[in-house]
Amino acid sequence: MTTMANHLPTAELQALDAAHHLHPFTNGHELAQKGARVIKSAKGVWLKDSDGNEIIDGMAGLWCVNIGYGRDELADVAARQMRELPYYNTFFQTTHAPALMLARKLAELAPGDLNHVFFSTGGSDANDTNIRLVRTYWAEKGQPERNVIISRWNAYHGSTIGGTSLGGMKGMHGQGGLPIPGIEFIDQPNWWVEGGDTAPEEFGLERARQLEAKINEIGPDKVAAFIGEPVQGAGGVIVPPETYWPEIQRICDQYGIVLITDEVICGFGRTGNWFGSQTFGIRPDIMTMAKGLSSGYQPIGASVVSDEIAQVLSGTDFNHGYTYSGHPVAAAVALENLRILEEENIVGHVQNVAAPYLKQKWEGLLDHPLVGEAKIAGMMASVALTPDKAARAPFASDPGVVGQICRDRCFANNVIMRHVGDRMIISPPLVITPDEIDILIDRARLSLDECLAQLEADGLNRAA
Ligand SMILES: *Cc1c(COP(=O)(O)O)cnc(C)c1O
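Residues numbered from 1 in each chain as written. Predicted model: local features only at pLDDT ≥ 70, side-chain atom pairs only at ≥ 80, totals over all residues. Heavy atoms only, no water.

Side note on the sheet that holds strand β11 (residues 371–377)
Pairing is antiparallel across the open sheet formed by 4 strands, whose spatial order is β11-β12-β15-β14. Bordering the open sheet on either side are β11 and β14 (418–420), each of which pairs with just one other strand. The average angle at which neighbouring strand axes cross in this sheet is 25 degrees, direction not considered. Strand direction decides the pairing type here: strand β12 (residues 380–385) and strand β15 (residues 423–426), joined by 4 bridges, are antiparallel. Each residue of the ladder has a partner; that of Ser382, found in β15, is Ile425. (Pairing = 2+ DSSP bridges. Helix = DSSP H or I, 4+ residues; strand = E, 2+ residues; numbered from the N terminus. Axes fitted to C-alpha atoms, helices over the stretch in contact; angles between N-to-C directions.)

Some words on the site of the ligand
Gly122, Gly123, Ser124, Asn127, Tyr156, His157, Gly158, Glu229, Asp262, Val264, Ile265 and Lys291 make up every residue found near the ligand. Here an oxygen atom of the ligand sits 2.9 Å away from a polar atom, N or O, in the main chain of Gly123. Within the side chain of Lys291, a nitrogen or oxygen atom sits 2.7 Å from an oxygen atom of the ligand. (Near = heavy atom within 4 Å. Polar contact = N/O pair within 3.5 Å; in protein donor to acceptor, adjacent residues only side chain to side chain.)

Section: the pairing of strand β2 (residues 46–49)
Burial of the side chains of β2 is restricted to one face: Leu47 and Asp49 are buried, whereas none of Trp46 and Lys48 on the reverse face is. Both strand β1 (residues 39–43) and β2 contribute to a ladder of 4 bridges, which runs antiparallel. Across the sheet, Ser41 pairs through a bridge with Lys48, a residue of β2. Linking two consecutive strands that pair antiparallel, namely β1 and β2, is a turn of 2 residues; a positive phi of about 60 degrees is found at Gly44 within it. Hairpin remark: β2 followed by strand β3 (residues 54–57), antiparallel, with 4 residues in the connecting loop; positive phi at Gly52, about 90 degrees. (Buried < 20%, exposed > 50% of the residue type's maximum accessible area, 1.4 Å probe, protein only.)

Describing the side chain of Asp17
Along the chain, Asp17 falls in helix α1 (residues 10–20). Lys34 provides the closest opposite charge to the buried, unpaired Asp17, separated from it by 13 Å. For Asp17, the side chain forms a polar contact with the side chain of His23, separated by 2.7 Å. The residues contacting Asp17, other than those within four sequence positions of it, are His23, Leu31 and Ala36. (Lys, Arg positive; Asp, Glu negative; His and termini not counted. Salt bridge = Lys/Arg side-chain N within 4 Å of Asp/Glu carboxyl O. Contact = heavy atoms within 4.5 Å.)

Things to note about the pattern of salt bridges
Applying the stated criterion across every chain yields a total of 22 salt bridges. For the salt bridge of Arg71 with Glu73, the shortest nitrogen-to-oxygen distance reads 2.7 Å. On the accessibility criterion, Arg71 (18% relative accessible area) is buried. A cluster of three or more residues bridged by salt bridges with shared partners is formed by Arg209, Glu212, Glu247 and Arg250.

Brief notes about the nonpolar core
Residues Trp362 and Leu385 are the most contacted members of the largest nonpolar core, which totals 65 residues. Mapped onto the domain boundaries, this core takes at least three residues apiece from domain 1 (44–67 + 345–458) and domain 2 (73–343). In this structure Trp362 touches Ala374, Lys375, Ile376, Ala381, Ser382, Val383, Met417, Met424, Ile426 and Ile441, once residues within four positions along its chain are discounted. (Core = buried A, V, L, I, M, F, W, Y, C linked by side-chain atoms within 4.5 Å. Domains from an automatic or database assignment.)

Considerations on the domain arrangement of the chain
Domain boundaries assigned for the chain yield domain 1 (44–67 + 345–458) and domain 2 (73–343). Computed over C-alpha atoms only, the centres of domain 1 and domain 2 are separated by 26 Å. Taken residue by residue, the interface counts 33 residues in domain 1 and 35 residues in domain 2. Both faces combined, the contact of domain 1 with domain 2 buries some 2,700 Å², and carbon together with sulfur accounts for 62% of it. Among the residues of domain 1 in contact with domain 2, Ile67, Met380 and Arg392 are the three that bury the most area, contributing 28% of the side total. In this structure, the connection of domain 1 to domain 2 is made through 0 salt bridges. In terms of residues, the side of domain 1 that touches domain 2 owes the most to one element, β11, which gives 5 residues. Among the residues forming the side of domain 1 that touches domain 2, the class breakdown is 19 nonpolar, 8 polar and 6 charged. (Buried area = accessible area lost by both parts, 1.4 Å probe. Nonpolar A, V, L, I, M, F, W, Y, C, P; charged D, E, K, R; others polar.)

In structure tokens:
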């Protein structure tokens, strides 16, 4: 049997990694100099690296390990499914129990009449599916010219050609000549950076009404859909003002455009309900799912669509699908993950225990000299670092320089916290206990202290 190379010394693993492994979202040259951190095993909310360090995972991997690491039940289900039926496709009028049972389960969990599931292998390709799906939907309804999808600057919808195009990250668009045609953008509801003197509630309305203005600019009969994350995740955990989503909903209803919520992060308990749409009172026509769907134990994603959309689509051959759509092992593991989420009432744990406690501790960071804003929605949270809280001022250094210093201190202190520009973000496993939240916050605070000391020493604690 193949043995994994975990017994090798860290330096050797790092050298092999640097020689052959191209990493996502990483500067290869810098990584080769520093050497990658090698993660060896994990249990609950704890990672262990190749030097034996115990690291608390404030990011649940990449926002996905909702039930925590090391659940044997998922490994057992995967092994059993691999022995019984390791693979079969769902093309050309075939199916198997794992795919159909997972589709039924998602129809039961998803709100409203979202009762029909198209499977993918992750969030990016689920959003690719959504582009083709909504355009096909409108073509089938006799309105093929309705093909523009409106998204938001600084949104993240994945890294494929379609996902990158729907996303609003200019640095990503710049690589590969994106977005594809027919994608338009409005501004994000990021009050801290862009709100100026406007009150947050008013700002939320203003940003939502950009959607209406954009629809009228393009022509209401040309707009197919609007897509948004209930809370922008990779954009920096931007929690919108309360006024934002109701106004977006009103506009989508009024103009009859398809509303897609990208629940890849917000889904499966992250915001304190099964879906972020429920937390923010949104009634989507399509939801994108991935990440927490399997708690990251297997790669799987889904587009879940309304009765009406499924009905219209069923009138044609939808010439689209992935070899691994509804993969039996991934589907079986996702089902087991959902069983655990449900039977252990993990969403209830978030609502009643973890989220209220994390909120209290997280907002406590506001007394730190570097922290200007602390935002939280369930179990995803962010703080804005600033040299001048009252002025909501950015640092004089390039965006991300301070964030990177803070993140490096977190890394050294064995807590995984990410930075987006000069915002620090967390999204821990949902099963985290109050004691573990204390450890997470203590290490975050220590890292902020050390970051501040370094900024002072380097003369970086200055406003632009
Ligand atoms: C991670 C993410 C995606 C992309 O999912 P992948 O599984 O990486 O393809 C899409 N949308 C959102 C909101 C995400 O956070």
